[in-house]
Amino acid sequence: MTEAIKAFNESSTQLLPEIREDLKAYLRYMKGLGYQGVALSENSVRILERWNEGGAAETPGTIQAETLDTIQVDLGACQRCKLHKGRKHVVFGVGNPRARLVFVGEGPGHEEDMQGEPFVGKAGQLLTKILRAIELTREDVYICNIIKCRPPGNRNPEPDEIAACIPFLRRQLRAIGPGLICALGSFAAQTLLATKTPISRLRGNFYTYEGSRLLPTYHPAFLLRNPAKKADVWEDMKKLRDEYENN
Ligand code: URA
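Fair warning: this is a prediction, and the values are worked out from it, not measured in the lab.

Reading the values: rules and limits
Residues numbered from 1 in each chain as written. Predicted model: local features only at pLDDT ≥ 70, side-chain atom pairs only at ≥ 80, totals over all residues. Heavy atoms only, no water. Buried < 20%, exposed > 50% of the residue type's maximum accessible area, 1.4 Å probe, protein only. Helix = DSSP H or I, 4+ residues; strand = E, 2+ residues; numbered from the N terminus. Contact = heavy atoms within 4.5 Å. Near = heavy atom within 4 Å. Polar contact = N/O pair within 3.5 Å; in protein donor to acceptor, adjacent residues only side chain to side chain. Areas by Shrake-Rupley, 256 points an atom, 1.4 Å probe, with all protein chains shown as cover. Nonpolar A, V, L, I, M, F, W, Y, C, P; charged D, E, K, R; others polar. Phe/Tyr/Trp six-rings, centres within 6.5 Å; stacked < 30°, edge-to-face > 60°.

Trainee: Give a detailed account of helix α7 (residues 185-193), specifying residues and quantitative values.
Mentor: Inspection of α7 places Gly 185, Phe 187, Ala 188, Ala 189, Thr 191 and Leu 192 among the buried residues, and these make up the whole buried set. On its buried side, α7 packs onto β2 (101-105), α6 (159-176), β4 (180-184), α8 (199-202), β5 (207-209) and β6 (212-217). Among the residues trailing α7, Ala 194 stands out with phi positive, at a value near 50°.

Dropping the structure here:
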């Protein structure tokens, strides 16, 4: 038995560099094909398992990138954090799956929780008007949030809740691949840019998020409380519109 273990250890030590080189070559090959990451969702693992069963449609070159649908299936009736206890709906996101512009807010409020759709309450109605002002509709863009379940009493999301939820937003953004992202409010902007800089300083400037141009602006709910700030948002929206037209 000891001999067998020794032989196994020896052969695996010899094989390890070979496997490592194979893996590196394979990942370089995938990169050359345009893949930007390795998805390890349940669905991706199922696809990998099917490779062993053979069949032309299951060769590596034909792996499909994740879609919003497969991500939503993976999210399911999520119980990854405590917010599931008080929510009515998981608010995944809405709009054009191939949108060139994605709006990211904080998290669902009461109305969004009831309807299962982001930005449908008063702040959402203002967002729809802002979109109209730059000649876009909700169907042209994609709208989602940093977290997908309503925190009780609309309190701020907590770090463990963000940590559980943010991978899904990142996957959504990768699946859509928008040229432009508009972060609505300090929470969305600071989370996506991993910064603590206040929104008053972030807004109106373009940043880069995983290859997309990201523009932070004030949250529509903040505008409802501070209508004087609408002028700033209008300036930001003109920049967003210009960028949208030139991409
Ligand atoms: N506020 C948000 O940040 N998101 C919504 O979906 C609604 C209100």
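Trainee: Describe the site of the ligand, naming the residues involved and giving the relevant values.
Mentor: Neighbouring the ligand are the residues Gly 105, Glu 106, Gly 107, Glu 112, Pro 118, Phe 119, Asn 145 and His 219. Between the ligand and Asn 145 there is a distance of 2.8 Å, counted from a nitrogen atom to a side-chain nitrogen or oxygen. For the ligand, an oxygen atom lies 2.8 Å from a polar atom in the side chain of His 219. Across the complex, the protein chains shield 91% of the 230 Å² of accessible surface that the ligand would expose by itself. By residue class, the composition of the shell around the ligand is 2 nonpolar, 4 polar and 2 charged.

Trainee: Quick rundown of the packing of aromatic side chains? Include the residues and the values.
Mentor: Under the defined criterion, the tally for this structure stands at 1 aromatic pair. Between Tyr 218 and Phe 222 the ring centres are 4.8 Å apart and the planes differ by 35°, which places this aromatic pair in the tilted class. Residue classification places Tyr 218 among the buried residues on the basis of a relative accessible area of 7%. When its relative accessible area of 24% is taken as the criterion, Phe 222 is described as partly exposed.

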